[in-house]
Amino acid sequence: MAGVIDDGEAKPATAARIYDYYLGGTYNFPADREAAQAMLQVLPLGPQLARTNRAFLRRAVRFLAESGVRQFLDVGSGIPTEGNVHEIVQRINPDARVVYVDIDPVAVAESLELLEGNEGATAVRGDLRDPQSILSHPQVTALLDFDQPIGLLLGAVLHFVPDDDLAYDAVGQLRAALAPGSYLLVSHATADEAPHDQGELDVAHDIYRRKTATPLGLRSRAQVERFFTGLDLVEPGLVWMPLWRPAPDDPQYFADDPKLSSGLAGVGRIP
Ligand SMILES: C[S@@+](CC[C@H](N)C(=O)[O-])C[C@H]1O[C@@H](n2cnc3c(N)ncnc32)[C@H](O)[C@@H]1O
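Residues numbered from 1 in each chain as written. Predicted model: local features only at pLDDT ≥ 70, side-chain atom pairs only at ≥ 80, totals over all residues. Heavy atoms only, no water.

1. A word on the site of the ligand
Turning to step 1, where the next piece is worked out: Near the ligand there are 20 residues, and of these Tyr19, Arg54, Gly76, Asp102 and Gly155 occur at the shortest range.
Turning to step 2, where the next piece is worked out: Residue Asp102 places a side-chain N or O atom 2.6 Å away from an oxygen atom belonging to the ligand.
Turning to step 3, where the next piece is worked out: Relative to its unbound accessible area of 600 Å², the ligand is 98% covered by the protein chains.
Turning to step 4, where the next piece is worked out: For the shell around the ligand, the secondary-structure elements that each account for two or more residues are helix H1 (15–22) and helix H3 (46–66).
Turning to step 5, where the next piece is worked out: Per-element tally for the shell around the ligand: the top contributor is H3, with 3 residues.
Turning to step 6, where the next piece is worked out: Grouping the constituent residues of the shell around the ligand by class yields 8 nonpolar, 7 polar and 5 charged. (Near = heavy atom within 4 Å. Polar contact = N/O pair within 3.5 Å; in protein donor to acceptor, adjacent residues only side chain to side chain. Areas by Shrake-Rupley, 256 points an atom, 1.4 Å probe, with all protein chains shown as cover. Helix = DSSP H or I, 4+ residues; strand = E, 2+ residues; numbered from the N terminus. Nonpolar A, V, L, I, M, F, W, Y, C, P; charged D, E, K, R; others polar.)

Encoded structure:
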């Protein structure tokens, strides 16, 4: 599939716009809202999960920028929303560079609109399952220096690559392109320890499979850990999303029972 984004047969909704709907955004269409509403019947905490993931991403990106990382490759970046990566990191370091990559053309178009006039950030359409086309994309190579550390952000995207061979290979190829001192950020949906019944999960899988081009594939803790093999996991390691360096001003939906966030989060440093 080199260089070509394979959307499969045209599907009416997208993961990016369902997520945007959950976050209270306005870049979604009736088909996305319909899919999101169907998801809410079986996973009513969807919006809280989305906001909790987004809060993790903000905290972790802030941590990376404060640790001196000045370049970011955000794959599966989504539709712009409050606390975008470039806003956080360029506030800390005005020269920081960010490339957003998403398979959804609406996400890319909206990102480009927001980034107009920002010379340190851009957005391109790309497919995580074809990592070389991302790494060799002219706008990626123009903005990012792969001889210097890069923060590779894979927030809530790997569970849209359910094929294990493709997912581990893609992350391996992206990691291999990064200089020592780079970081990998991952958040990932899991059914481990969460109280979902299998029937509800089956319905959720069915909705993404039928209505979007990016089917869902949850992974266990051990499977998510595998993305970090050989990296130095930053404290506190791979944990439930709300437990990764929590901040008082973040949503506290899962304060009493973090595993209900159904998402694992971690940051690893490339030695
Ligand atoms: C749940 S959103 C996460 C957005 C953002 N990373 C965050 O953590 O808030 C998942 C995003 O991944 C994108 N996506 C799904 N499969 C992808 C793929 N194969 N390549 C690139 N992007 C993909 C979707 O279009 C969507 O924008």
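2. Side note on unusual backbone geometry
Turning to step 1, where the next piece is worked out: Residue Pro236 is bonded to the preceding Glu235 through a cis peptide linkage, with omega at 10 degrees.
Turning to step 2, where the next piece is worked out: With respect to the helices and strands, the residue Pro236 is situated in the loop between strand S6 (232–233) and strand S7 (239–240).
Turning to step 3, where the next piece is worked out: Positive phi outside glycine occurs at Arg245, with the angle close to 45 degrees.
Turning to step 4, where the next piece is worked out: Here Arg245 shows up in the loop between S7 and strand S8 (263–269).

3. Points about the packing of H3 against helix H4 (residues 85–92)
Turning to step 1, where the next piece is worked out: The interhelical angle for the contact between H3 and H4, taken along N-to-C directions, is 30 degrees, at an axis separation of 9 Å. Here H3 is positioned roughly parallel relative to H4, judged by the angle of their axes. H4 is crossed by H3, and the crossing has right-handed handedness. Here Leu57, Arg58, Val61, Arg62, Ala65 and Glu66 of H3 come into contact with H4, specifically with Val85, Ile88, Val89 and Ile92. (Axes fitted to C-alpha atoms, helices over the stretch in contact; angles between N-to-C directions. Parallel < 35°, antiparallel > 145°, perpendicular 65-115°, else oblique. Left-handed = near helix turned anticlockwise from the far one by under 90°. Contact = heavy atoms within 4.5 Å.)

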